[in-house]
Amino acid sequence: MEDRELAAVIDMGSSTTAMALGELLPRGRVNITAWAATPSAGIAKSRIVDMKQAQYTIATVVKKLSDIAEWEIETAQAVVSGAHVSTRRALAKCALPGRIVREENLDDLSENARTNAGTPDGRVQLHREEVGWRLDGVGEVENPLGMEGSSLVLETLYVEADAARFHDMQNAAAAAHLELAEPSSAGVCAAMGCSSARERNEGTLFIDLGAGTANWTVFSKGSIAATGALGVGSDHVTNDISQAFACSRPCAEELKKCANAVLSRDASRRIPLPSAFSARDGATISRRSLDTVVNARLSETFSIIRQMTESQGVGHLVHGVVLTGGGAMQNGIAELAGSLFGCPASIGRISPDVTFSDDCRAMIAVPEAQLATIAGAFLLLSQNADVREDDD
């Protein structure tokens with residue numbers, strides 16, 4: 001293993017903290033060789049709420065992965081999620097004395113956008129994306145090289161997060177003897193992990209439904225157009241079921257597996273409460289009522305995300321929806337999303353650029369859509385490694 005470039009990724013979710021080791025391959029590919037997960041403690045809505053418990057969670061998953069991989073893991077790429085993740089756009093401008101756009105003009109503006117990001121105090125940069133060029137105030141210029149004009153502008157999109165929240169993650173990890181590298185957005189990673197170049201080019205909304213948060217990212221013309229998150233996840237569906245039917249959370253979790261996000265047409269059907277979790281022997285609930293509870297919460301979540309995309313001016317770019325995360329496993333959820341967004345919707349599948357070793361695949365006991373965030377984080381690391389090689 002010594003001759004291969006290995007990297008680790010950690011995803012601290014509200015219900016589960018997962019970590020993986022992967023081999024970065026040429027042409028932006030990756031082979032994930034080991035995987036470990038542990039229930040999250042001290043973490044809620046993807047942020048640290050109890051430092052000691054979070055430290056224990058991180059130490060536990062690091063030891064699990066190290067033992068499985070037979071490799072001492074000291075550094076990992078962290079993915080960040082939550083409502084504190086947002087986008088910001090900035091403009092870099094230069095005059096064109098010769099009235100012709102030259103290679104050095106493009107390089108100078110790109111360097112300016114990279115080194116003079118102007119990240120606001122209290123924020124940390126997760127991603128930087130060159131959105132497009134404007135020549136003499138006219139936008140939608142794909143490649144201005146050789147064109148005539150007097151001024152050139154580069155618009156850049158920055159994805160940023162609350163620095164304090166990331167520092168909390170770093171401090172908890174450091175106490176567990178793990179160094180966290182520069183962070184990435186969970187929403188962007190999930191999109192990268194389950195998308196094709198065609199989907200990212202044509203205009204697709206990617207929604208990653210976790211236990212405590214829902215992260216979304218719009219890609220258009222191959223680039224990030226906007227991203228955001230809200231503090232609502234599949235745990236809220238569980239809570240709604242528990243309250244609506246006066247049952248325990250474990251019982252509500254079991255009922256959630258039977259529910260459908262699209263309202264049932266069979267209004268008369270009854271579902272027995274799981275006997276292992278209910279003291280009411282033989283009790284049943286209406287299937288229609290159960291579906292109504294689930295439908296209401298998910299419809300509200302999708303409606304808020306749609307409003308967020310429209311407020312950021314990217315709603316018109318959405319021509320398809322892809323769902324990932326544990327919440328994407330809800331029955332009928334793709335059909336519901338398609339009806340609310342007015343376009344085709346589907347459950348995400350891992351990019352063919354990501355492979356898993358046979359041993360690793362045997363250890364993973366979750367659906368493919370739940371692997372998207374970590375898979376995408378590895379793809380970004382692999383692509384960055386390719387860029388570094390080209391620069392050398």
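Structure: above.
Read on for an overview of the structure. On a predicted model such as this, the values are computed, not experimentally measured, just so you know.

## Digging into the packing of helix α8 (residues 287–311) against helix α9 (residues 333–341)
Now for step 1: Where α8 contacts α9, the two axes come as close as 10 Å, and the packing angle between them is 45 degrees. Overall, the two elements α8 and α9 adopt an arrangement that is oblique. In terms of crossing hand, the pair formed by α8 and α9 is right-handed. Where α8 approaches α9, its residues N295, L298, S299, F302, I305 and R306 are matched on the opposing element by I333, L336, A337, L340 and F341.
Now for step 2: When the residues that make up the contact of α8 with α9 are grouped by side-chain class, the tally is eight nonpolar, two polar and one charged.

## Regarding the environment of N295
Now for step 1: Relative to the helices and strands, N295 resides in helix α8.
Now for step 2: Residue classification places N295 among the buried residues on the basis of a relative accessible area of 16%.
Now for step 3: Sequence-distant contacts of N295, that is, excluding residues within four places in its chain, are made with A261, V262, L263 and L336.

## Looking at the sheet that holds strand β18 (residues 321–324)
Now for step 1: Pairing within the open sheet is mixed, and its five strands lie in the order β15-β14-β13-β18-β19. Edge positions in the sheet fall to β15 (223–230) and β19 (345–347), since each has one partner strand and no second. Within the sheet, the average angular offset between the axes of one strand and its neighbour, ignoring direction, is 20 degrees.

What counts and what doesn't
- Residues numbered from 1 in each chain as written.
- Predicted model: local features only at pLDDT ≥ 70, side-chain atom pairs only at ≥ 80, totals over all residues.
- Heavy atoms only, no water.
- Axes fitted to C-alpha atoms, helices over the stretch in contact; angles between N-to-C directions.
- Helix = DSSP H or I, 4+ residues; strand = E, 2+ residues; numbered from the N terminus.
- Parallel < 35°, antiparallel > 145°, perpendicular 65-115°, else oblique.
- Left-handed = near helix turned anticlockwise from the far one by under 90°.
- Contact = heavy atoms within 4.5 Å.
- Nonpolar A, V, L, I, M, F, W, Y, C, P; charged D, E, K, R; others polar.
- Buried < 20%, exposed > 50% of the residue type's maximum accessible area, 1.4 Å probe, protein only.
- Pairing = 2+ DSSP bridges.

On their own, these measurements won't tell you what the molecule is for.
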